[in-house]
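Overview (structure and organization)
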Amino acid sequence: FSSLGELPGGARTDRGNARRYGIKSGVAIPLMAGPASLGILGLATVRYERSWSGEMVDQLRLLGEIFTAAMMRQRADTDAREGEALNRAVLASLSGAVAVVDRAGVTIRVNETWTWLNRSFGHALVPDLVVGVSYLEACQRAAERGVQEAQPALVGIRAVLERTRAGFSLEYSGPGLDQAGWW
């Protein structure tokens, strides 16, 4: 609105608020993300009335889209951080040794038990099975070194990744600190 007189008759409350704050003219751009309203980008003049050209309103709409994109990115980053924190907490709560691999078979996360066992055995079981390394390639190399359980692990994990099996588990023996154990 270029002047308070342009506000419709049903906008008495808005007109009263504008007078209370000394607003002479203003423009409000809705900040929308799909059907969700995030707020408004509002500009007002307090010294004099101003005409808001169509070009100026279009530029303000573009600015509103930039603000909306920034807010949505911030929300997505916050959601991702919260999701990551939950993932870490769930993984940390598991007492067994757990490695998480992506669809390509690359190890993307291990829990503390996994790390502890790997260190405890001097990295002797599968020395190159760490975050960032292909679990499948590590199993292949272990099989080539004669690690008995590596080949069944490779076959089972590959089947899950290729979605020819819904799940896979394998128990294997390994040296404990003082005794043999099953992992």
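Refer to the structure above for everything that follows.
Throughout what follows, the structure given in this document is the object of discussion. Please read these numbers as outputs of a predicted model, since none were measured by experiment.

What follows concerns the overall build of the protein. On a plain count of helices and strands, the protein comes out with five helices and six strands. What you see in the protein, going N to C, is helices and strands ordered as α-β-β-α-β-β-α-α-α-β-β. For the protein, the proportion of contacts with a sequence separation of at least 24, taken over those separated by at least 6, is 32%. Of the roughly 12,300 Å² of accessible surface on the protein, 55% is carried by carbon and sulfur atoms.

Evaluated as defined, the whole model comprises four salt bridges. With a shortest N-O distance of 3.5 Å, glutamate 84 and arginine 88 are connected by a salt bridge. With glutamate 84 and arginine 88 both in helix α2 (residues 54-93), this residue pair falls four residues apart, about one helical turn. The exposure class assigned to arginine 88 is partly exposed, which follows from its relative accessible area of 46%. Look at glutamate 84 and you get partly exposed, because its relative accessible area is 26%. Residues joined by salt bridges that share partners form a network here, namely Glu84, Arg88 and Arg109.

Our focus in this paragraph is helix α4 (residues 135-144). Regarding α4, the residues found buried are Tyr135, Leu136, Ala138, Cys139 and Ala142. Buried positions in α4, seen along its axis, are confined to an arc of 160 degrees and lie on one side of it. Close packing links the buried residues of α4 with β3 (99-101), β4 (107-110), α3 (112-120) and α5 (150-161). For α4, the side-chain oxygen to backbone nitrogen distance between the N-cap and leucine 136 is 3.3 Å, and the N-cap itself is serine 134. Directly after α4, the chain includes glycine 146, whose backbone phi takes a positive value near 95 degrees.

As a further point, take the packing of aromatic side chains. In total, this model carries one aromatic pair according to the counting rule given. A ring pair is formed by tryptophan 114 and tyrosine 135, whose centres lie 6.2 Å apart and whose planes are at 45 degrees; its orientation type is tilted. With tryptophan 114 in helix α3 and tyrosine 135 in helix α4, this pair connects stretches of sequence that are 21 residues apart. Tryptophan 114 gets classed as buried once you look at its relative accessible area, which sits at 14%. Positioned over the ring face of tryptophan 52 is arginine 50, at 4.8 Å from the centre of the ring.

With that settled, the discussion passes to α5. With twelve residues, α5 should reach 16 Å at 1.5 Å per residue; the first-to-last C-alpha distance of 16 Å fits that figure. All buried positions along α5 are accounted for by Ala150, Ala153, Leu154, Gly156, Ile157 and Ala159. Of the surrounding elements, those touching the buried residues of α5 are α4. After α5 finishes, the residue arginine 163 shows a positive phi value of roughly 65 degrees.

The rules behind each value
Numbering of residues starts from 1 in every chain and runs along the sequence as written. Thresholds applied to this predicted model are a pLDDT of at least 70 for local features of residues and 80 or more for the giving and counting of side-chain atom pairs; totals over whole chains, interfaces and linings are not thresholded and use all residues. Calculated side-chain values reflect all of the structure's heavy atoms, with hydrogen atoms and water omitted. A run of DSSP states H or I qualifies as a helix once it reaches four residues; a run of E qualifies as a strand once it reaches two. Both are numbered from the N-terminal end. We call two residues in contact when some of their heavy atoms are within 4.5 Å. Using the Shrake-Rupley algorithm and a 1.4 Å probe, accessible areas are obtained, with residue cover drawn only from the displayed protein chains. We define a salt bridge as a contact between a side-chain nitrogen of Lys or Arg and a carboxyl oxygen of Asp or Glu at a distance within 4 Å. Categorising residues by exposure relies on relative accessible area from a 1.4 Å probe, with only protein chains included: less than 20% of the type maximum marks a residue as buried, more than 50% marks it as exposed, and the intermediate range marks it as partly exposed. Here the arc refers to the set of directions running from the helix axis out to each C-beta atom. Identification of polar contacts relies on pairs of N or O atoms within 3.5 Å, with a donor-acceptor requirement for protein atoms, meaning one able to donate a hydrogen and the other able to accept it, and with residues adjacent in sequence counted only if both atoms are side-chain atoms. Put simply, two rings from Phe, Tyr or Trp (the six-membered ring, in Trp's case) pair if the centres are within 6.5 Å, and we call them stacked under 30 degrees between planes, edge-to-face over 60, tilted for the rest. Two conditions define a charge sitting above a ring: the NZ of Lys or the CZ of Arg must be within 6 Å of the ring centre, and it must be within 35 degrees of the ring normal. In this analysis, the expected span of each helix is defined as 1.5 Å times one less than the number of residues it contains.

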